[in-house]
Amino acid sequence: MIEFLDTVLSFPTVIFTFLLVVVIGYWLTVITGLFELEDDATWLGLGGVPAGIVLSLLIALAWLLCLIGSVVASGGLLIAVPFAAPAGAWLAIRGLLGPLRRLFPAGDRHSRGDFVGQMCVIRTGAATPDFGQAEVTAADGSSAIVQVRTTGEDRLARGDDALIFEYDKDGEFFWVMPYESEH
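Here's what I pulled together on the structure shown here.

Cut-off values and rules
Residues numbered from 1 in each chain as written. Predicted model: local features only at pLDDT ≥ 70, side-chain atom pairs only at ≥ 80, totals over all residues. Heavy atoms only, no water. Helix = DSSP H or I, 4+ residues; strand = E, 2+ residues; numbered from the N terminus. Buried < 20%, exposed > 50% of the residue type's maximum accessible area, 1.4 Å probe, protein only. Core = buried A, V, L, I, M, F, W, Y, C linked by side-chain atoms within 4.5 Å. Contact = heavy atoms within 4.5 Å. Pairing = 2+ DSSP bridges. Axes fitted to C-alpha atoms, helices over the stretch in contact; angles between N-to-C directions. Salt bridge = Lys/Arg side-chain N within 4 Å of Asp/Glu carboxyl O.

### Notes on the environment of Gly88
So, step 1. Within the element layout of this structure, Gly88 appears in helix H4 (residues 81-103).
So, step 2. The class for Gly88 is partly exposed, based on a relative accessible area of 27%.
So, step 3. Between the C-alpha atom of Gly88 and that of Ala62, which follows or precedes it by 26 residues, the distance is 7.3 Å.

Given below as C-alpha coordinates:
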(Lines give C-alpha, C1' and ligand atoms only; values in the text may rest on other atoms or scores of the structure.)
Protein backbone atom coordinates (compact mmCIF):
# COMPACT_ATOMS: atom_id res chain seq x y z
CA MET A 1 0.00 0.00 0.00
CA ILE A 2 2.84 2.38 0.81
CA GLU A 3 4.48 1.64 -2.55
CA PHE A 4 1.16 2.43 -4.30
CA LEU A 5 0.77 5.75 -2.46
CA ASP A 6 4.40 6.61 -3.17
CA THR A 7 3.82 6.00 -6.90
CA VAL A 8 0.52 7.91 -6.96
CA LEU A 9 2.02 10.92 -5.17
CA SER A 10 5.28 11.10 -7.14
CA PHE A 11 6.10 12.49 -10.57
CA PRO A 12 4.53 12.03 -13.12
CA THR A 13 1.39 10.40 -11.67
CA VAL A 14 0.82 13.18 -9.13
CA ILE A 15 -0.27 15.48 -11.99
CA PHE A 16 -3.16 13.22 -12.86
CA THR A 17 -3.83 12.35 -9.20
CA PHE A 18 -4.66 16.01 -8.59
CA LEU A 19 -6.94 16.04 -11.65
CA LEU A 20 -8.61 12.83 -10.47
CA VAL A 21 -9.39 14.49 -7.12
CA VAL A 22 -10.99 17.38 -9.05
CA VAL A 23 -13.09 14.86 -11.04
CA ILE A 24 -14.28 13.21 -7.82
CA GLY A 25 -15.24 16.62 -6.45
CA TYR A 26 -17.10 17.39 -9.68
CA TRP A 27 -19.12 14.18 -9.47
CA LEU A 28 -19.98 14.87 -5.84
CA THR A 29 -21.44 18.22 -6.90
CA VAL A 30 -23.33 16.57 -9.79
CA ILE A 31 -24.86 14.09 -7.34
CA THR A 32 -26.00 16.96 -5.12
CA GLY A 33 -27.61 18.66 -8.13
CA LEU A 34 -25.39 21.73 -8.38
CA PHE A 35 -24.21 20.84 -11.90
CA GLU A 36 -25.96 19.18 -14.82
CA LEU A 37 -24.56 17.01 -17.60
CA GLU A 38 -25.50 18.94 -20.72
CA ASP A 39 -22.54 20.42 -22.58
CA ASP A 40 -20.62 18.47 -25.22
CA ALA A 41 -16.84 18.18 -25.42
CA THR A 42 -16.69 18.99 -29.14
CA TRP A 43 -13.69 21.25 -28.53
CA LEU A 44 -11.71 18.06 -27.75
CA GLY A 45 -13.01 16.23 -30.79
CA LEU A 46 -15.11 14.12 -28.43
CA GLY A 47 -18.64 15.39 -29.09
CA GLY A 48 -21.92 13.61 -28.72
CA VAL A 49 -21.49 12.79 -25.02
CA PRO A 50 -21.75 15.25 -22.11
CA ALA A 51 -18.39 16.90 -21.41
CA GLY A 52 -18.44 15.91 -17.73
CA ILE A 53 -18.52 12.24 -18.63
CA VAL A 54 -15.91 12.52 -21.39
CA LEU A 55 -13.47 14.55 -19.31
CA SER A 56 -13.92 12.27 -16.30
CA LEU A 57 -13.18 9.19 -18.37
CA LEU A 58 -10.27 10.93 -20.07
CA ILE A 59 -8.68 11.99 -16.77
CA ALA A 60 -9.30 8.63 -15.06
CA LEU A 61 -7.81 6.70 -17.96
CA ALA A 62 -4.87 9.10 -18.28
CA TRP A 63 -4.23 8.66 -14.54
CA LEU A 64 -4.28 4.87 -14.92
CA LEU A 65 -1.97 4.92 -17.96
CA CYS A 66 0.37 7.32 -16.19
CA LEU A 67 0.41 5.08 -13.12
CA ILE A 68 1.26 2.06 -15.26
CA GLY A 69 3.83 4.05 -17.27
CA SER A 70 5.57 5.36 -14.15
CA VAL A 71 5.96 1.80 -12.84
CA VAL A 72 7.14 0.37 -16.17
CA ALA A 73 9.30 3.25 -17.48
CA SER A 74 12.45 4.53 -15.85
CA GLY A 75 15.11 7.15 -16.41
CA GLY A 76 14.68 9.34 -19.48
CA LEU A 77 11.53 7.55 -20.62
CA LEU A 78 9.75 8.75 -17.47
CA ILE A 79 9.59 12.26 -19.00
CA ALA A 80 7.46 10.94 -21.89
CA VAL A 81 4.87 9.27 -19.61
CA PRO A 82 2.79 12.41 -18.77
CA PHE A 83 2.53 13.14 -22.52
CA ALA A 84 1.86 9.59 -23.68
CA ALA A 85 -0.79 8.88 -21.03
CA PRO A 86 -3.31 11.58 -22.08
CA ALA A 87 -2.67 10.79 -25.75
CA GLY A 88 -3.40 7.11 -25.16
CA ALA A 89 -6.45 7.99 -23.05
CA TRP A 90 -7.75 10.28 -25.79
CA LEU A 91 -7.42 7.51 -28.38
CA ALA A 92 -9.20 5.03 -26.11
CA ILE A 93 -12.04 7.48 -25.38
CA ARG A 94 -12.44 8.13 -29.13
CA GLY A 95 -12.97 4.38 -29.51
CA LEU A 96 -15.56 4.35 -26.71
CA LEU A 97 -17.54 7.27 -28.11
CA GLY A 98 -19.56 5.16 -30.55
CA PRO A 99 -21.26 3.08 -27.86
CA LEU A 100 -21.50 6.07 -25.49
CA ARG A 101 -23.24 8.26 -28.08
CA ARG A 102 -26.08 5.74 -28.28
CA LEU A 103 -26.75 6.39 -24.59
CA PHE A 104 -27.04 10.14 -25.22
CA PRO A 105 -29.11 10.61 -28.38
CA ALA A 106 -28.78 13.91 -30.16
CA GLY A 107 -31.72 16.08 -31.00
CA ASP A 108 -34.29 18.04 -29.16
CA ARG A 109 -34.86 17.29 -25.53
CA HIS A 110 -38.57 17.19 -24.92
CA SER A 111 -40.23 18.08 -21.66
CA ARG A 112 -43.74 17.91 -20.32
CA GLY A 113 -43.98 21.66 -20.71
CA ASP A 114 -44.01 21.13 -24.49
CA PHE A 115 -47.64 19.97 -24.21
CA VAL A 116 -48.83 23.30 -22.80
CA GLY A 117 -50.99 25.01 -25.44
CA GLN A 118 -51.79 21.70 -27.16
CA MET A 119 -55.20 20.16 -27.69
CA CYS A 120 -56.02 16.86 -26.00
CA VAL A 121 -58.88 14.37 -25.91
CA ILE A 122 -60.24 13.08 -22.60
CA ARG A 123 -59.75 9.28 -22.41
CA THR A 124 -61.16 8.46 -18.96
CA GLY A 125 -64.87 8.42 -18.15
CA ALA A 126 -64.57 12.02 -16.97
CA ALA A 127 -62.01 14.67 -16.13
CA THR A 128 -62.62 16.56 -12.90
CA PRO A 129 -60.62 18.73 -10.49
CA ASP A 130 -59.47 15.48 -8.81
CA PHE A 131 -58.94 12.97 -11.62
CA GLY A 132 -58.63 12.51 -15.35
CA GLN A 133 -56.47 11.35 -18.22
CA ALA A 134 -56.19 12.64 -21.74
CA GLU A 135 -54.41 11.76 -24.95
CA VAL A 136 -52.21 14.49 -26.41
CA THR A 137 -50.27 14.43 -29.67
CA ALA A 138 -46.76 15.87 -29.68
CA ALA A 139 -45.28 17.94 -32.49
CA ASP A 140 -43.41 14.87 -33.81
CA GLY A 141 -46.69 12.95 -34.20
CA SER A 142 -46.29 10.65 -31.19
CA SER A 143 -49.08 10.54 -28.65
CA ALA A 144 -49.08 10.23 -24.88
CA ILE A 145 -51.62 9.62 -22.15
CA VAL A 146 -51.22 12.32 -19.49
CA GLN A 147 -52.82 13.09 -16.15
CA VAL A 148 -55.18 16.08 -16.35
CA ARG A 149 -57.28 18.15 -13.95
CA THR A 150 -60.00 20.70 -14.57
CA THR A 151 -60.59 23.94 -12.71
CA GLY A 152 -63.72 24.99 -10.86
CA GLU A 153 -66.97 23.41 -12.01
CA ASP A 154 -65.65 22.16 -15.37
CA ARG A 155 -66.32 18.48 -15.94
CA LEU A 156 -65.25 16.89 -19.19
CA ALA A 157 -66.54 13.55 -20.49
CA ARG A 158 -64.76 10.82 -22.46
CA GLY A 159 -64.04 12.04 -26.00
CA ASP A 160 -64.32 15.75 -25.17
CA ASP A 161 -61.69 18.08 -26.58
CA ALA A 162 -59.70 20.11 -24.07
CA LEU A 163 -56.91 22.66 -24.13
CA ILE A 164 -53.85 22.14 -21.93
CA PHE A 165 -53.03 25.51 -20.41
CA GLU A 166 -50.59 24.74 -17.59
CA TYR A 167 -48.40 22.01 -16.09
CA ASP A 168 -48.37 21.46 -12.32
CA LYS A 169 -44.87 20.23 -11.43
CA ASP A 170 -45.74 19.35 -7.84
CA GLY A 171 -48.80 17.28 -8.76
CA GLU A 172 -47.31 16.10 -12.07
CA PHE A 173 -50.49 16.77 -14.03
CA PHE A 174 -51.78 19.21 -16.64
CA TRP A 175 -54.52 21.75 -16.13
CA VAL A 176 -57.11 21.61 -18.92
CA MET A 177 -60.18 23.55 -19.92
CA PRO A 178 -63.01 22.75 -22.32
CA TYR A 179 -62.32 23.52 -25.95
CA GLU A 180 -64.94 23.83 -28.65
CA SER A 181 -63.35 22.85 -31.95
CA GLU A 182 -64.58 24.53 -35.10
CA HIS A 183 -65.23 21.73 -37.58
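So that's the structure; there's more coming.
### With respect to the nonpolar core
So, step 1. Residues Val49, Val54 and Trp63 are the most contacted members of the largest nonpolar core, which totals 21 residues.
So, step 2. For this core, the secondary-structure elements that each account for two or more residues are helix H2 (13-32), strand E2 (46-50), helix H3 (51-72) and H4.
So, step 3. With 8 residues, H3 is the largest single contributor of residues to this core.
So, step 4. When sequence neighbours within four positions are dropped, the list of residues in contact with Trp63 reads Phe4, Val8, Thr13, Phe16, Thr17 and Leu20.
So, step 5. Counting 14 residues, the second-largest nonpolar core is a separate cluster that includes Ala127, Val136, Leu156 and Val176.

### Observations regarding the sheet that holds strand E8 (residues 161-168)
So, step 1. With mixed pairing, 5 strands are arranged side by side around a closed barrel as E3-E5-E6-E9-E8. This sheet shows a mean twist of 55 degrees between the axes of neighbouring strands, independent of strand direction.
So, step 2. Note that strand E6 (residues 143-150) and strand E9 (residues 173-178) share 3 bridges and pair parallel. When the bridges of E9 are listed, Val148 appears paired with Phe174.

### With respect to the pattern of salt bridges
So, step 1. Using the criterion set out here, one finds 1 salt bridge in the structure.
So, step 2. Put simply, Glu135 and Arg123 hold a salt bridge, and the shortest N to O gap is 2.9 Å. Taken as a pair, Glu135 in strand E5 (residues 133-137) and Arg123 in the loop between strand E3 (119-122) and strand E4 (126-127) lie far apart in primary sequence, 12 residues in all.
So, step 3. Glu135 gets classed as partly exposed once you look at its relative accessible area, which sits at 26%.
So, step 4. A relative accessible area of 37% places Arg123 in the partly exposed class.

Honestly, it's all geometry; don't read function into it.
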